[in-house]
Structure formats: structure tokens, C-alpha cells
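Single-letter residue listing:
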Amino acid sequence: MNTPANETTPACVILFLRLRKLRVLFVSAMVVVPCVWHRRIEAGDLASHAYNAWLAQLIAQGQAPGLYIVRQWHNVLFDLTLLRVANFIGIAAAQKIVVSICVLVFFWGVFALVRTITERPPWFLAPCLAMLAYGYSFSMGFMNYYLSLGLACFALAILWRARRFEWIAGTLLAALALLAHPIGFLWLIGTLAYVQVRAKLPGWWKLTLPLAAAGAFAAIRWYAAHRPALMADWDRGPFYFYNGADQLGLYGKRYFFLAGSAFLFGLLCVAVDLYARRREGSWWKLYELPFELYVVAFCATALLPENLRSSIYGGWIGLLSSRLTTISAVFGLVLLGCLKPRRWHLAGFGFCAAIFFVFLYQDTGWLNRLEASAETLARDLPPGTRVIVTARAPADSRIAFIGHAIERACIAHCFSYANYEPASGEFRVRVRKGSPVATSSTDDAEDMAAGEYEVDDTDLPLKQIFQCDASDPTKLCIRDLKAGEVNGQFGLDLFRGGLRR
């Protein structure tokens, strides 16, 4: 059944759900399976969000000396939601529920955006949407950023052809996107402005917009490179690898082969479609805007810094371009959504998705075993014990934050002294100097996690949890640290050449 062009109006959304409710329910159930297939959701920084939600509970009870909470209006929506739900059902269950909701918001948000721009429900791209939903941004645990993009996609879908009261709904979603993370909000505003201005430009004048956007990103690159105080770097490998498909590159080389195969299959689909439409008049107009938006997003990821620091006292704004490729991937899916759907499209993308989720199940299972080992150690510690975690991911893994999973094991048992969130000054939970719960120095927190911290007398008593078996990197041990020693001399040195599975 054909549906109206603007399927984001309330009446059309209700009609769509009524006609496709079983399909929507089935797809939604399948999409959240990775959130429940292990005891714990393994997604990098997610474990840190959970740990700091527990600290927020302790602060409210006056049991976290030196920690306090500040009000802020960005980068908090996921944390606020997680804390509120955790207060009712506990942190473990709250993670399952809140993360599942975020995944559904992202998946259906991208689905709605592709549907609005292409004027056709992209069911044949469901495997691609599912892979992207568990791609790099999710697996690194950038949950506020991830949620912000999902909300921004919904807002874009509504505001793309908004009329009257639809602006109210779109504005409310934009406000939620800002509450989650500023990047999603800025992407929303920038894309809307780009599309509105482009619609008013005649003929070849439209080309001035992508050129202007690329010029702006180049100017930002020049400014960042010539301002040493920002400490900006572009250390991420060849820029052309960061084309959106890199979102599938997670825990090892096999993911990158899969990402390359999926990208090449997508190119094949586009080439076949273009050839089939070669005799149609103005066939290229269908692809023009999506391709333009994709190119602009690619320029952003190629030219913007990977890491920068606005102040020597503040935290790093890290992995910026690596996470921005999620936006490139979204526009790439919009481009694929312009294809005339064919069964072999769904079969090819479905095959890629099946392999991807088999890999993901195996690697998140490995991390679950690592965290289970940490929980065994943590439950025997006296309450309030301070620990530092030193753990290294496999050498070819792109998901480096495995130490946070070990920190999550401290919930209700111990304190992670190297907890970076309070020290960074960029999150709700903050720390005062001298707190026995967490270090107040961002540099010290980074050195502790890297195994390069020289223990001071004032840090003691302090314990280290570390990987202690080269043949089984999921096995952890614990030891007392001494003043004057460097905390990484145990554990990390065993795996200097990279962990073996």
C-alpha cells in the first residue's frame, strides 16, 4: 500500500503502525536481541555511565565524600533517564531497559528519516539499520551522542516538510536532542538550514553550498592545527576509510573485511540501479541531494580533528571524527534508500548482518567473561576499597574501553579511583580535590588507565585489578599497590604485543 509523502504527520504515523504493527513489533524485537543475549550489555563507556549512576545514588545519600552533582543542559539525557529508572528497578535492569529504548529510538529514527527523504519505507535496508544501530558509536558506549542522533533523525523526519503544529513536535525533539548531546542538535540545525537554503538557490548555484561547507571545515582544520593550546590531532589513519562503513569496524580485523564487503555491495547496488535507470529522464535528481549530504558529511569527518582539548585542566573531546561517521552512514543509507528495492538487496545486506551479529555475539561474550571475573574479585573486597583497573583490549580491536566493564563490577563493592568522568568536569558528577572516591586530576586518571601512573603516599591504600594470564586475558588478579611504583608494571607488560584470544 502506498502512503502519503509526508509519513511523519500523526495521522500517517498511526495509519502506518496500524497497517504494519506486526512487522514493526517483530523488527523491534529482533533489533533489541543484542541487548539481552548476554547477562550484561557490553558497550565500552556504557559501563562508566552505569558506575556513575551508582555514584549519583551515593551522593544523594551522602555516602560519596568529595563528589557532587551539577546541573547542565547537554550530555545528560541518557544519564538522567538511567538514574531515574535505576532508582525504581536497580542499575542492572535499568541498563537493559534504557539501552533497548535508545537502540529503538536510533533504529526507527533513521528509518523515519530515510522514509521521509526517499518517500518509501526502507524495509530492505533493515539489516543495514540494525548493523549501524550496534556500530562503533554504540559499541564505544557514546550513549548520549547515540541517543541524540536518534532523536535528531526523528526531528529531521518531522521538520523536513513540516506544516503548522508539526513544528512544535520537531522543536520538542530538537530540545531533547540537545539535552542528550550538542552534536546531534547541531547536525539537525545544520542539515535543516542546508536543505532550506539549497531549495532557494537556482540551478548551478546549488553547488556553492557543498563547496562552502567543505571550505568551512577546511578553515576549522587550519585553525585547530595552528592553535597549539587545542592540542588537536588527526591520528585516525587514512581519511578515506572513514566513509560510514567504518562504523562496522569493531573488535578486530574480521570486522573491517566485513565492512569493506558491505560497502562494496552497496556500491554494486547503486551501480546496477543507475544502469537500469539510464534511459529515464533526470534520473540523477533522485540521488542528487542524498549524495550531496553524504559528501558534506564525509568532508566533515576527513577535515575535523580526531581529538582536541580546550583546556589543560579539562577533559579531551576525543574520537570526534570516528563517531561523526555515524552521520555519514545515515546519509549513505538515505542514498541506498533511493534504490528501487529488489530481493537480492535484502538477501545481500541480510547476509552481511548475519555475519556481523555472529561476530558481535562472540566478542561481547568474551567481555562478559572478563567482567564476570572482575565481579568475583570485587564482591570479596571490604566496602569502600579503592581500586585502579589496568586492562588492554586485543591488539586489533578498535573498542579500547574494556577497563570500564571491570569498573562496573565495583558497583556496590568498591570505588574506581581512576574514574575519568568526575575529573573531566564535563559530566553531572564532579569531584573536589582530595576526595577518597576518585582522583580530581584528568591527567592522573588517564595515566592510571594507561598504566603509567606513579603511586603517591596520599593514594594509599589502593589496589590494582589487572589481567594476569597471557593465555586467558579474561582472567583477572588483584594486588596492593605501593608508593613509588608505576601501576602498569603488572598485567599490561604481559600483553605488550597485544592480547591473545
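Everything that follows concerns the structure shown earlier in this document.
Residues numbered from 1 in each chain as written. Predicted model: local features only at pLDDT ≥ 70, side-chain atom pairs only at ≥ 80, totals over all residues. Heavy atoms only, no water.

Colleague: Mind showing me how you'd approach helix α2 (residues 46-60) here?
Modeller: Each α-helix turn comprises 3.6 residues. Residues three or four places apart therefore point the same way. Compared with the 21 Å implied by 1.5 Å per residue over 15 residues, the 21 Å span of α2 between its first and last C-alpha is a close match. Burial runs high along α2: 14 of the 15 residues are buried. Backbone geometry just downstream of α2 places G62 in the positive-phi region, at approximately 70°. (Helix = DSSP H or I, 4+ residues; strand = E, 2+ residues; numbered from the N terminus. Expected span 1.5 Å × (residues − 1). Buried < 20%, exposed > 50% of the residue type's maximum accessible area, 1.4 Å probe, protein only.)

Colleague: What should I look at first to understand the pattern of salt bridges in this one?
Modeller: Summed over the entire model, instances satisfying the criterion amount to 13 salt bridges. Across the salt bridge formed by E42 and R408, the nearest N and O atoms sit 3.5 Å from each other. In this pair, E42 sits in the loop between α1 (10-31) and α2 while R408 sits in helix α15 (residues 403-408), placing the two residues 366 residues apart along the sequence. Accessibility assignment for this pair places E42 and R408 in one class, buried. Salt bridges sharing common partners tie together R39, R40 and E375. (Salt bridge = Lys/Arg side-chain N within 4 Å of Asp/Glu carboxyl O.)

Colleague: Which parts of the structure should I look at to understand the packing of aromatic side chains?
Modeller: The relation between two aromatic rings is expressed through the spacing of the ring centres and the mutual angle of the planes. The final tally for this structure, using the stated rule, is 23 aromatic pairs. Aromatic side chains Y255 and F356 sit 6.2 Å apart centroid to centroid with 85° between the ring planes, which places their arrangement in the edge-to-face category. With Y255 in helix α11 (residues 253-276) and F356 in helix α14 (residues 343-378), the pair connects residues that are 101 residues apart, well separated along the chain. The residues Y255 and F356 share a single accessibility class, namely buried. With a centroid separation of 5.5 Å and 65° between ring planes, the pair formed by Y255 and F359 is classed as edge-to-face. Taken as a pair, Y255 in helix α11 and F359 in helix α14 lie far apart in primary sequence, 104 residues in all. This pair shows no difference in class: Y255 is buried, exactly as F359 is. (Phe/Tyr/Trp six-rings, centres within 6.5 Å; stacked < 30°, edge-to-face > 60°.)

Colleague: Would you mind going over the state of the cysteines with me for this structure?
Modeller: What makes a disulfide is a covalent bond joining the sulfur atoms belonging to two cysteines. Using the criterion set out here, one finds two disulfides in the structure. Between the sulfur atoms of C410 and its disulfide partner C414 the distance amounts to 1.9 Å. In this structure, the disulfide formed by C410 and C414 twists by about -95° around the S-S bond and is classed as left-handed. Through a disulfide, C468 is tied to C477; the S-S separation comes to 2.0 Å. Between C468 and C477, the disulfide has an S-S torsion of 65° and is therefore right-handed. C468 sits in the partly exposed class, given a relative accessible area of 22%. Summary of cysteine pairing: C35 is not part of a disulfide, and the nearest cysteine sulfur, belonging to C102, is at 9.0 Å. Between C299, a free cysteine, and C338, which holds the nearest cysteine sulfur, the sulfur-to-sulfur gap is 19 Å. (Disulfide = S-S within 2.5 Å.)

Colleague: Is there a simple way to think about the environment of A262 in this case?
Modeller: Considering the arrangement of structural elements, one finds A262 in helix α11. For A262 and R408, which are 146 residues apart along the polypeptide, the C-alpha to C-alpha distance reads 34 Å. Those residues in contact with A262 that lie beyond four places of it in its chain are L248, F349 and C352. (Contact = heavy atoms within 4.5 Å.)

Colleague: I would appreciate a short explanation of the pairing of strand β2 (residues 385-390) in the present structure.
Modeller: Most of β2 sits inside the fold, with six of its six residues counted as buried. Here β2 shows no split at all, with T385, V387 and V389 on one side and R386, I388 and T390 on the other all buried. Pairing analysis gives three bridges linking β2 to strand β3 (residues 414-416), with the strands arranged parallel. Bridging from a neighbouring strand, T385 pairs with C414 of β3. In this fold, the crossover linking β2 to β3 by way of α15 has right-handed handedness. As judged from the four bridges shared by β2 and strand β5 (residues 463-467), these two strands associate in the parallel manner. The residue bridging V389 from the neighbouring strand is I465, located in β5. (Pairing = 2+ DSSP bridges. Right-handed = clockwise from strand over helix to strand, strands pointing away.)

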